[in-house]
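Examination of the molecular architecture
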Amino acid sequence: MSGKFDNYKAQCAKTLDHYKKELSRLRSGRATPSLLEGLNVEYYGSQVSLQQLGMVSAPEPRMLTIQVYDGGAVEAIEKAIQQSDLGLNPSRDGSLIRVIIPALNEERRKDLIKKVNKMAEETRVALRNLRRDEVEGVKKQVKNKEISEDDSRRAQEEIQKIVDKFIVDVDAAASGKEKELMEV
């Protein structure tokens, strides 16, 4: 019976992975290359991801560097970082861009923690919606006399166990990010 819910588990895992990826983009006091993931740069009239234009690395705990492949893209990358909602100010040194990550103040930390919790709740809701859809599918099978009431109850219990496990993972990821944000 457990193989029956592989698609459901995959959907739940995808939802959890999306949440974790979004968490990694939230700025903490530490520099990580994932901070600039998903940042698009206006480059010769089209939107290009930053990773295609340069190599992002974190040589120090509070600094990111971007080694730009094409010197013509340096200004566009600087502009994209300044206009992002990350609150960062890049400085240029030839084809190398340095981004100093300022320490977070208490108010900003609290705002970020609220955002982490809001994102966690949205993820929990998404997981519950997946559960609801899966349970409706099981109830439809009972209605069509494809499975018995007992099988339906067992299937619904299994579905609930799966969603509970993923919600625990969401909570763990949220509390881990909270701890990271509270580090001074």
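Each value, and the rule that gives it
- Residues numbered from 1 in each chain as written.
- Predicted model: local features only at pLDDT ≥ 70, side-chain atom pairs only at ≥ 80, totals over all residues.
- Heavy atoms only, no water.
- Pairing = 2+ DSSP bridges.
- Helix = DSSP H or I, 4+ residues; strand = E, 2+ residues; numbered from the N terminus.
- Axes fitted to C-alpha atoms, helices over the stretch in contact; angles between N-to-C directions.
- Contact = heavy atoms within 4.5 Å.
- Salt bridge = Lys/Arg side-chain N within 4 Å of Asp/Glu carboxyl O.

Read across the open sheet, the four strands follow the order β3-β4-β6-β5; overall the sheet is antiparallel. For this open sheet the edge positions go to β3 (54-60) and β5 (90-93), each flanked by a neighbour on one side alone. Across the sheet, the axes of successive neighbouring strands diverge by a mean angle of 25 degrees, strand direction being ignored. Sheet topology places β5 next to strand β6 (residues 96-100); four bridges connect them, and they run antiparallel. Within β6, the position partnered with Pro-90 by the bridge is Val-99. Against the sheet, helix α3 (residues 74-83) makes contact with β4 (63-68), β5 and β6, and its axis sits at roughly 165 degrees relative to β5, the strand it touches most.

So, on to the pattern of salt bridges. The final tally for this structure, using the stated rule, is 13 salt bridges. A salt bridge links Arg-98 to Asp-93; its shortest N-O distance comes to 3.2 Å. One connected set of salt bridges, linked through shared partners, spans Glu-121, Arg-124, Arg-128 and Asp-171.

Everything listed here is a matter of coordinates, which is why it stays silent on function.
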